[in-house]
Amino acid sequence: MSDSQVALVTGGTSGIGRETVRGLAARGWTVLVHGRDAERGHEICRTVRRETAGAATFHHADLSTLDAVGALADAIADDYDRLDALVNNAGTWQDERRLVAATGERSDGTRAQVALTVAVNHCAHYRLTHDLWPLLNAAGGRVVAVSSDLHRRGELDTDRFLGPDGPTGQQAYADSKLANVAFTRALARRTDAVTVSCCHPGIVPSSRLARETGGLSRLGWKLFGLVGGLLPVGPVDSERAAAETSLFLATTDDTADLHGGYFSDCERTDAKPIEEATEEQCWAWTADVVGVDPEWPPVESGSDT
Ligand SMILES: NC(=O)c1ccc[n+]([C@@H]2O[C@H](COP(=O)([O-])OP(=O)(O)OC[C@H]3O[C@@H](n4cnc5c(N)ncnc54)[C@H](OP(=O)(O)O)[C@@H]3O)[C@@H](O)[C@H]2O)c1
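The notes below deal with the structure included here. (Residues numbered from 1 in each chain as written. Predicted model: local features only at pLDDT ≥ 70, side-chain atom pairs only at ≥ 80, totals over all residues. Heavy atoms only, no water.)

### Let's talk about the site of the ligand
Where we set the bar: Here a residue is considered near a molecule or strand provided that any single heavy atom belonging to it is located within 4 Å of it. Polar contacts here mean pairs of N or O atoms no more than 3.5 Å apart (in protein, one a potential hydrogen donor and the other a potential acceptor; neighbouring residues in sequence count only if both atoms are side-chain atoms). All accessible-area figures derive from a Shrake-Rupley calculation using a 1.4 Å probe, and residue coverage is judged against the displayed protein chains alone. Under the scheme applied here, ten amino acids are nonpolar (Ala, Val, Leu, Ile, Met, Phe, Trp, Tyr, Cys and Pro), four are charged (Asp, Glu, Lys and Arg), and all others, including Gly, are polar.
As a matter of local geometry, the ligand sits amid 34 residues, with Thr13, Ser14, Tyr173, Ser207 and Arg211 nearest to it. In the environment of the ligand, an oxygen atom lies 3.3 Å from a nitrogen or oxygen atom belonging to the backbone of Gly91. Across the complex, the protein chains shield 97% of the 900 Å² of accessible surface that the ligand would expose by itself. Classifying every residue of the shell around the ligand by side-chain character gives 12 nonpolar, 15 polar and 7 charged.

The structure is reproduced here in structure tokens:
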């Protein structure tokens, strides 16, 4: 239990997520640092305890396994009764078409084989937000989805999220980031109890997003990192600068314009237009794939809607 505000940052062991952890802890928050790499996870927690007024604990989960997502939410619910911010930041970029099985049976009795990029970047965060909803609701908290401006190149065709023949690399990544935007807007339509927003963090050349692929993307990111690191100014951001928009969305006192919005450089801006029906289809599809009732969040008591 904690007297300070509590946040969970997924992918808090690296890059933009790690800087988001630092920024929240510097504001005195208790930060639950999620990731897979326990060594880096414990190191960031030690740094936070040494350098800030905040607190941090490491929480391991591989988000490609929905059982692990459920276990992560259960562990947090065992220790905390509220969550002031959930920053859905973890992300991956895969050149190969790798599939993972979603948990549970779908309504048609099958088990979904989902593209890993979509499973981690979108489905796991949908399920995590669902499972942590009672804690978020208790705090009147925030959900921040870390998307990307590459969502503009995405398509929200859920058929191609499944099976071996769908897109890879940048296209699969862009599709998953568009799903982050659709999720934000669909969730915001369903509730005012929790403030929901999404963002483009910025371009960070040192990103390790493509770490699991041996392909051209990894080489491309490496070269971009080398060149980007030499630029005194330009279209690139430091990890710290890229964390600013997530930090703003999680902590600003002025929440009037946040709900359902897409932000870049801490400013609300237009995301790619998506038909509401398409967003709703994606919501229902994702609920089915991750094995939850699509009728969530529950209507708050005292609400007319
Ligand atoms: N970098 C950019 O230029 C850029 C631009 C636009 C948007 N973004 C978005 O910003 C977010 C952070 O990106 P970043 O550049 O900081 O990436 P990063 O340095 O590669 O960090 C990614 C984080 O996600 C975690 N992660 C990846 N796959 C996972 C899995 N299967 N299960 C659990 N955790 C997993 C990693 O955990 P471990 O290291 O512990 O495995 C790591 O903490 C991503 O959502 C990305 O799409 C980045």
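Next comes the rest of the description.
### With respect to the pattern of salt bridges
A side chain with one charge can pair with a side chain of the opposite charge if their charged atoms come near. Under the convention used in this document: Here, a salt bridge means any Lys or Arg side-chain nitrogen found within 4 Å of an Asp or Glu carboxyl oxygen. We count a stretch as a helix when DSSP gives it H or I for four or more residues in a row; a strand needs E for two or more, and each element gets its number in order from the N terminus.
The final tally for this structure, using the stated rule, is 16 salt bridges. Measuring nitrogen to oxygen at the nearest pair gives 3.1 Å for the salt bridge that ties Arg160 to Asp175. Residue Arg160 is located in the loop between β7 (142-146) and α6 (169-190), and its partner Asp175 is located in helix α6; the two are separated by 15 residues in the primary sequence. In this structure, Arg189 and Glu280 form a salt bridge, with 2.8 Å as the shortest nitrogen-oxygen distance. You can see Arg189 sitting in helix α6 and its partner Glu280 sitting in helix α10 (residues 276-290), a full 91 residues away along the chain. Here the salt bridges share partners, and the residues they tie into one network are Arg185, Arg189, Arg190, Glu276, Glu279 and Glu280.

### Points about the pairing of strand β9 (residues 261-264)
Put simply, the test is: Each residue's exposure class comes from its accessible area (1.4 Å probe, protein chains only) as a fraction of the maximum for that residue type: buried when under 20%, exposed when over 50%, partly exposed otherwise. We treat two strands as partners when DSSP finds at least two bridges between them.
Residues Gly261 and Phe263 point to one face of β9 and Tyr262 and Ser264 to the other, with burial holding for every one of them. Where β9 and strand β10 (residues 267-269) come together, 3 bridges link them in antiparallel fashion. Looking at the pairing, Phe263 lines up with Arg268 of β10. Counting the residues in the hairpin turn of β9 and β10 gives 2 residues, including Asp265, whose phi is positive at 50°.

### Let's talk about the pairing of strand β2 (residues 30-35)
Selection rule: Consider the strands pointing away from the viewer: the crossover is right-handed when the path from the first strand over the helix to the second runs clockwise.
Across the 6 residues of β2, 6 count as buried, placing the element largely inside the fold. Here β2 shows a buried face lined by Thr30, Leu32 and His34 and a second buried face lined by Val31, Val33 and Gly35. Where strand β1 (residues 6-9) lies against β2, 4 bridges are found, and the strand directions are parallel. Bridging across to β2, Leu8 finds its partner in Leu32. Read from β1 through helix α1 (residues 15-26) to β2, the crossover connection turns out right-handed. Relative to strand β3 (residues 55-60), β2 runs parallel, the two sharing 6 bridges. Bridging from a neighbouring strand, Leu32 pairs with Thr57 of β3.

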